[in-house]
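As a plain string of letters, each chain reads:
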Amino acid sequence: MIKAVAAINREVLEPAGLVLTPITDDVRYVEESVHNVWKNLALGALLATACRPPSPVCAGCGRRCSPAPKSGRHSRFAFLRHP
């Protein structure tokens, strides 16, 4: 971008007695924002995984059941009974 500004100054603005001077660099701001978003996504994923409640105890068999298909024997919810 600095090369483009220099070319515009040299070819367009200097003959008219004007100069374009960049005063900020938004690239650093955007890069830091993107880094912050990725950091927050990673932290959120870590917390969501670490703070997940354990599987409830199955009312039918007394074991901790993992989520099973609807046709499976074990239910995910403790208030459901086995057929």
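To be clear, the structure that these remarks concern was listed above.
We now turn to the structure provided with this report.

Calculation rules
Residues numbered from 1 in each chain as written. Predicted model: local features only at pLDDT ≥ 70, side-chain atom pairs only at ≥ 80, totals over all residues. Heavy atoms only, no water. Helix = DSSP H or I, 4+ residues; strand = E, 2+ residues; numbered from the N terminus. Buried < 20%, exposed > 50% of the residue type's maximum accessible area, 1.4 Å probe, protein only. Contact = heavy atoms within 4.5 Å. Patch = residues over 30% accessible without salt bridge, like charges linked within 9 Å, V, L, I, M, F, W, Y side chains within 5 Å. Areas by Shrake-Rupley, 256 points an atom, 1.4 Å probe, with all protein chains shown as cover. Salt bridge = Lys/Arg side-chain N within 4 Å of Asp/Glu carboxyl O. Lys, Arg positive; Asp, Glu negative; His and termini not counted. Charge placed at Lys NZ, Arg CZ, Asp CG, Glu CD.

**Structural notes on the environment of Leu13**
Here's step 1: When you line up the elements, Leu13 lands in helix H1 (residues 2–13).
Here's step 2: Classification of Leu13 as buried rests on a relative accessible area of 18%.
Here's step 3: Ignoring anything within four residues of it in the chain, the contact list for Leu13 reads Ile8, Leu18, Val19 and Leu20.

**Remarks on a nonpolar patch on the surface**
Here's step 1: Taken together, the side chains of Tyr29, Val30, Val34, Val37, Trp38 and Leu41 define a hydrophobic patch exposed on the protein surface, amounting to about 660 Å² of accessible area.
Here's step 2: Judged by relative accessible area, Val34 falls into the partly exposed class, the value being 43%.

**Here's the deal with the pattern of salt bridges**
Here's step 1: Throughout the structure, instances matching the rule amount to one salt bridge.
Here's step 2: Where Arg10 meets Glu11, a salt bridge forms, and the shortest distance between an N and an O atom there is 4.0 Å.
Here's step 3: Assessed through its relative accessible area of 52%, Arg10 is described here as exposed.

**Some remarks on a negative patch on the surface**
Here's step 1: A contiguous patch of negative charge, built from Asp25, Asp26, Glu31 and Glu32, is present on the exposed surface.
Here's step 2: Relative to the helices and strands, Asp26 resides in helix H2 (residues 26–50).
Here's step 3: We classify Asp26 as exposed; its relative accessible area is 52%.

**Observations concerning the side chain of Asn9**
Here's step 1: Its location among the elements puts Asn9 in helix H1.
Here's step 2: For Asn9, a relative accessible area of 10% corresponds to the buried category.
Here's step 3: In contact with Asn9, not counting residues within four places along its chain, are Glu14, Pro15, Val19 and Leu20.

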